[in-house]
Amino acid sequence: MRRVLNPFHLLATQRGYLFPWTPVCLGVGIGTYFGLSEEPQGIAFLLLTLGVLFLLGLARLSNEEMSPVILSLALILAGVVVAGVHAHRADAPKLGFRYYGPIEGRVVNIDRSQSNKLRITLDHVVLENVTHTPHRVRVSLHDRNSIFLGEIGATVILTGHLSPPQGPAEPGGFDFRRKAWFERLGAVGYTRSPVLVLSPPTPGNAALKIRKLRQDYSHAIQNAVPGEAGAFAAAIMTGDRSAISTETMENLRRSNLAHLLAISRLHMGLLTAFVFAFLRYGLALLPFLALRLPVKKISAVAALCVATGYLLLSGGSIATVRAYIMVAVMLTAVCFDRRALTLRAVAVAAMIVLVLYPQSLIGPGFQMSFAATTALVAVFGTLQNWQTWKITKALRPVLALLVSSAVAGVATAPIAAAHFNQIAQYGLLANLLTVPMMGSVVIPSAVVALLLTPFGLSWVGFVVMRLGIKWILAVADWVANLEGAAIQIVTPDPIVLPLIVLGALFLVLWAGKPRLLGILGLAAGFFLWAETERPQLLISETGGLIGLMTDQGRALNKPRGDGFTTLSWLENDGDAADQDAAYARRGFEFSENGTRFTLGGVAFLHLPGKAATPHIESACSGGRWVITMIAQEKPGGDCEFLDAGYFAQNGSIAIYVEPTGVRRVTAAERAGNRLWTRR
């Protein structure tokens, strides 16, 4: 008789290997919540919570073959509940209209925008004649002559423009409203007027004191280390990137070294490793102490204390908290005589991060960090006896660096390409030339500088640190300017990245030969990525910018304006052209009576501005699509009429050409009715 394969028995054979799957199941639930088109009602969360409790009780009564399945379902439901609870807790007022006038508030953060403009985030906001003011607003300073003299915690006043957080640049694209929702950011805008300080910081707020300390220390670092090296040093020590130039940031991105600026697993790992090793080997030199005290555990506790201080000093961003949790789990394992670097430790860290910050799951930081860590732990676990290989001791660190850089690069490359539309061809070379300098010179020098600060001798550490940073910046500049340094990649369909990630996780976490089935998930993901179809036509949420796909790439209807939307469209196309080059492409017929073009046998007419009003009535005929930026009732005639009111309701638009005609998809349809999309 043929033996029937029992999937539950297959799970039972994985006993002892299933725990690393717990954050995966929790993540599936969180991802499900963010993928819903409708916001669940309160009763739904209550029923889901009861379902989780029921499944947990059922799992205790089930046999070892059924309990993993039941627990997996419980974790998935729990993920939906956790994400929903965090989303509802983040509820805060947001601006519902465009505002211009006086803005008053307390400065809680100072950073730079993507266009390298200085910007400030305010709470305790006061707006003229606005009752329900946003919890927080963020204002970019666009006046070239404006110098912001305020401090963290100071109350300021200015005159500026504010708008609700923008929707996605295209249907299904990055939705800034969701990010702003979890940051409780109710409005964003800009000012061209000076920012005046009404009152200095008030004492008593611990969080603001820490932010003020960060700001002061950042300024001290930049005074001690001039130029771009000082800006880089301030970024890696305090998280303040406001002084880094646009050119330096671009070089770091093109050389795949931008991760050196993010205070994440690399910095936290290098810092704690340095402190742990310094104390452990230092105390080992004192036999009186080494023979009587648990030196290893003392070193681990001290390293954890230093990591905690670094977390507070660096501002406590999600990326830093994530790195801190990973380090804390590993150092705690050392204190309890457990292996620090295991897939179980990574799973525990991932679970804690997902429970505290479920929204981080859909961001590149969480995905890249845990992809790299999981891959490194799995590979070095497989090669755990590599030190017994016939390799001289001098070459072992070189081999470890080469393997770790290659593994981390391969693990994070698909995620980076999906989110940033770019692959740095020489990223491995750049990391091999800089990461050793970061670990052996820059981070130790930063620790020395910090320890010597109370004695006025921090310059000793900064002198050495500056040399290491200048080397890193020189490598970044050289690699970024190599021919073909960066390859542009098209944004994949939403299903692609989950397929690739789940396939890779199955390949790494499953025990035994069936793990090779993960290759099918990887192959399916990359195949669908290669078959990704970009919209033939994109229309911005204001109706002012139009992008038509041509044989040369996407052609734009104007050479300037809507810069963020333009950049998003071209990047998502995998197109390295700038706006001027895209405008020069053929595809539009410009005239005084509007812009004309044809797509899929359908005629389109774009009539921007109020001067277009007289032409709308005559244009609406013959099944033509008429697009205008003004608000007006649909005129009589046979046409598809898209005006300002339509765009305000539906957002940006994507149009695909199909055998049956053109198909329209709006940003509102793709985003759904969620907490962050409601007006």
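Our structure's up above, just so we're on the same page.
So, a few notes on the structure that sits alongside this text. What you see is a predicted model; the values in this text were computed from it and never measured.

A look at the overall build of the protein chain
Regarding its fold elements, the protein chain presents 24 helices and 18 strands. Compactness check: the protein chain gives a C-alpha radius of gyration of 27 Å against a globular reference of 26 Å for 679 residues, within 12% of the reference. The buried share among the 679 residues of the protein chain stands at 46%. Within the protein chain, contacts between residues at least 6 apart in sequence are counted, and of these 63% link residues at least 24 apart. Of the roughly 34100 Å² that the protein chain leaves accessible, carbon and sulfur atoms contribute 62%. Charge centroids of the protein chain, computed over 58 positive and 42 negative side chains, lie 13 Å from each other.

Re empty space enclosed by the protein
One pass over the structure, following the stated rule, counts one cavity of 30 Å³ or more. Of the pockets and cavities examined, the largest cavity occupies roughly 60 Å³. What lines the largest cavity is simply Gln 166, Gly 167, Pro 168, Ala 169, Ser 540, Glu 541, Phe 564, Thr 565 and Ser 652. Residue composition of the lining of the largest cavity, by class: three nonpolar, five polar and one charged.

Things to note about the pattern of salt bridges
What the rule picks out here adds up to 13 salt bridges. Here Arg 585 ties to Asp 575 by a salt bridge, and the two come within 2.8 Å at their closest N and O atoms. In this pair, Arg 585 is assigned in the loop between α21 (579–584) and β12 (589–591) and Asp 575 in the loop between α20 (563–573) and α21, connecting sequence segments ten residues apart. You'll find Arg 585 and Asp 575 in the same group, each marked buried. One salt-bridge network, in which partners are shared between bridges, spans Glu 170, Arg 534, Arg 554 and Asp 573.

As for the pairing of strand β17 (residues 653–658)
Relative to β17, strand β9 (residues 537–539) is paired through three bridges, and the arrangement is antiparallel. Looking at β17, one finds that Leu 537 is bridged to Ile 655. Direction of pairing for β17 relative to strand β18 (residues 661–666): antiparallel, over a ladder of six bridges. Its bridge partner being in β18, Glu 658 is matched across the sheet by Gly 661. Between the end of β17 and the start of β18, which pair antiparallel, lie two residues.

Focus on the sheet that holds strand β10 (residues 546–550)
Strand order across the open sheet formed by five strands is β11-β10-β9-β17-β18, with antiparallel pairing between neighbours. Edge positions in the open sheet fall to β11 (553–556) and β18, since each of these has one partner strand only. Between one strand axis and the next, the sheet turns by 20° as a mean value, whatever way the strands run. Pairing of β9 with β10 involves three bridges; the strand directions are antiparallel. Counterpart to Ile 539 in the pairing with β10 is Ile 546.

Focus on the nonpolar core
The biggest cluster of nonpolar side chains holds 77 residues, and the ones touching the most others in it are Tyr 33, Phe 232 and Met 465. Per-element tally for this core: the top contributor is helix α12 (residues 318–335), with ten residues. Aside from chain neighbours lying at most four places away, what touches Met 465 is Ala 233, Ile 236, Met 237, Val 442, Ser 445 and Ala 446. Membership of the second largest hydrophobic core comes to 21 residues, among which are Val 137, Val 139, Ala 187 and Leu 208.

Looking at helix α17 (residues 458–480)
Compared with the 33 Å implied by 1.5 Å per residue over 23 residues, the 32 Å span of α17 between its first and last C-alpha is a close match. Along α17, the residues that are buried comprise Ser 458, Gly 461, Phe 462, Met 465, Gly 468, Ile 469, Ile 472, Leu 473, Val 475, Ala 476, Val 479 and Ala 480.

Here's the deal with a nonpolar patch on the surface
Residues Ile 43, Leu 46, Leu 47, Leu 50, Leu 53, Leu 56 and Leu 71 make up a contiguous nonpolar surface patch of roughly 660 Å² in combined accessible area. Within the element layout of this structure, Leu 71 appears in helix α4 (residues 67–89). A residue is classified by how much of its surface remains accessible, and Leu 71, at 37% relative accessible area, is partly exposed.

Here's the deal with the side chain of Arg 119
Counting through the fold element by element, Arg 119 comes out in strand β2 (residues 118–127). Arg 119 gets classed as buried once you look at its relative accessible area, which sits at 16%.

A short note on the packing of helix α3 (residues 42–61) against α4
Two elements in contact, α3 and α4, have axes whose closest approach is 9 Å; the angle formed by their N-to-C orientations is 155°. Between α3 and α4, the angle is such that the two are roughly antiparallel. Between α3 and α4 lies a crossing of left-handed hand. Contact with α3, carried on its side by Phe 45, Leu 48, Thr 49, Gly 51, Val 52, Leu 55, Leu 56, Leu 58 and Ala 59, involves Ser 67, Ile 70, Leu 71, Leu 73, Ala 74, Leu 77, Ala 78, Val 80, Val 81, Gly 84 and His 88 of α4 and no other residues of that element. Of the residues in the contact of α3 with α4, the class split is 15 nonpolar, five polar and no charged.

Describing the pairing of strand β13 (residues 594–599)
Side-chain direction in a regular strand flips from residue to residue, so the side chains alternate between the two faces of the sheet. In this sheet, β13 lies alongside β12 in antiparallel orientation, the contact comprising three bridges. When the bridges of β13 are listed, Ser 591 appears paired with Gly 594. Adjacent in sequence and paired antiparallel, β12 and β13 are bridged by two residues. Judged from the five bridges that link them, β13 and strand β14 (residues 602–607) form a sheet pairing that is antiparallel. Across the sheet, the residue bridging to Thr 595 is His 606, located in β14.

A short note on the packing of aromatic side chains
Tallying each qualifying case throughout the model produces 18 aromatic pairs. A centroid spacing of 4.7 Å and a plane angle of 45° characterise the contact between Phe 366 and Phe 370, whose relative ring orientation is tilted. Linking Phe 366 with Phe 370, this pair stays in helix α14 (residues 364–382), spanning four residues, or about one helical turn. Within the aromatic cluster, the residues linked to one another by ring pairs are Tyr 583, Phe 588, Phe 590, Phe 597, Phe 604 and Trp 625.

Notes on α3
Taking 1.5 Å of rise per residue, 20 residues should cover 28 Å, and α3 covers 29 Å from first to last C-alpha, within 8% of that figure. By the burial criterion, the buried members of α3 are Phe 45, Gly 51, Val 52, Leu 55 and Ala 59. Looking down the long axis of α3, one finds its buried residues gathered within 110° of arc, a one-sided arrangement. The exposed set on the far side of α3, more than 90 degrees from its buried face, consists of Gly 42, Ile 43, Leu 47, Leu 53, Phe 54, Arg 60 and Leu 61.

With respect to the packing of helix α7 (residues 227–238) against α17
It is at 9 Å that the axes of α7 and α17 come closest, and there the two elements cross at 100°. It follows from the interaxial angle that α7 and α17 lie roughly perpendicular. Here Glu 228, Ala 229, Phe 232, Ala 233, Ile 236 and Met 237 of α7 come into contact with α17, specifically with Phe 462, Met 465, Arg 466, Ile 469, Lys 470, Ile 472 and Leu 473. Partitioned by chemical class, the residues of the contact of α7 with α17 number ten nonpolar, no polar and three charged.

A look at the environment of Leu 304
Considering the arrangement of structural elements, one finds Leu 304 in helix α11 (residues 295–313). Those residues within four positions of Leu 304 in sequence are excluded, and the remaining contacts are Tyr 324, Ala 328 and Leu 331.

A look at the environment of Asp 111
Here Asp 111 lies in strand β1 (residues 99–112). Remark: the alpha-carbon pair of Asp 111 and Asp 240, spanning 129 residues in sequence, is separated by 6.8 Å. Ignoring any residue separated from it by four or fewer positions in sequence, one finds Asp 111 in contact with Lys 117, Leu 118, Arg 119 and Ser 242.

Rules used throughout
Sequence positions are assigned chain by chain, starting from 1 and proceeding in written order. In keeping with the model being predicted, local features are shown solely for residues with a pLDDT of at least 70 and side-chain atom pairs are shown and tallied solely at 80 or more, while totals for entire chains, interfaces and linings include all residues. The basis for every side-chain value is the complete set of heavy atoms in the structure, and neither hydrogens nor water enter the calculation. To qualify as a helix, a DSSP run of H or I must reach at least 4 residues; to qualify as a strand, a run of E must reach at least 2; elements of each kind are numbered from the N terminus. The quantity called the radius of gyration is restricted to C-alpha atoms. Its globule counterpart is 2.2 Å times the number of residues to the power 0.38. Partly exposed residues are those whose accessible area sits between 20% and 50% of the maximum for their type, while under 20% is buried and over 50% is exposed, using a 1.4 Å probe and protein chains only. Two residues form a contact once any of their heavy atoms are found within 4.5 Å. Accessible areas in this description were obtained via Shrake-Rupley with a 1.4 Å probe; residue shielding takes into account the shown protein chains only. Counting rule applied: Lys, Arg positive; Asp, Glu negative; His and chain ends not counted. Each charge is placed at NZ for Lys, CZ for Arg, CG for Asp and CD for Glu. Buried and open spaces are told apart on a 1 Å grid over the protein atoms alone, a cavity being a set of points where a 1.4 Å probe fits but cannot get out and a pocket being an open set with protein on both sides within 12 Å along at least five of seven lines. Residues with an atom within 4 Å of a point are the lining residues. Grid points are joined across faces, edges and corners, and a volume is the space filled by probe spheres set on the points. Just so you know the grouping, Ala, Val, Leu, Ile, Met, Phe, Trp, Tyr, Cys and Pro go in nonpolar, Asp, Glu, Lys and Arg go in charged, and all remaining residues, Gly too, go in polar. One side-chain nitrogen of Lys or Arg within 4 Å of one carboxyl oxygen of Asp or Glu is enough to make a salt bridge. Here, a strand pair is defined by DSSP locating no fewer than two bridges between the strands. Axis definition: a line fitted to C-alpha atoms, over the contacting stretch in the case of helices. Angles run 0 to 180 degrees between N-to-C directions. Only buried Ala, Val, Leu, Ile, Met, Phe, Trp, Tyr and Cys residues count toward a nonpolar core, and they belong to the same one when joined by side-chain atoms within 4.5 Å. Here the expected span of a helix is defined as 1.5 Å times the quantity of residues minus one. To count toward a patch, a residue needs a relative accessible area above 30% and no salt bridge. Like charges then connect within 9 Å, nonpolar side chains (Val, Leu, Ile, Met, Phe, Trp, Tyr) within 5 Å. These descriptions rest on fixed angle ranges, namely under 35 degrees for roughly parallel, over 145 for roughly antiparallel, 65 to 115 for roughly perpendicular, and the rest for oblique. Each crossing gets its hand from how the near helix is turned against the far one by less than a right angle, where anticlockwise is left-handed and clockwise is right-handed. We call Phe, Tyr and Trp rings a pair once their centres come within 6.5 Å, taking the six-membered ring for Trp, and we label the pair stacked below 30 degrees between planes, edge-to-face above 60, and tilted otherwise. Along the arc lie the directions from the helix axis toward the C-beta atoms.

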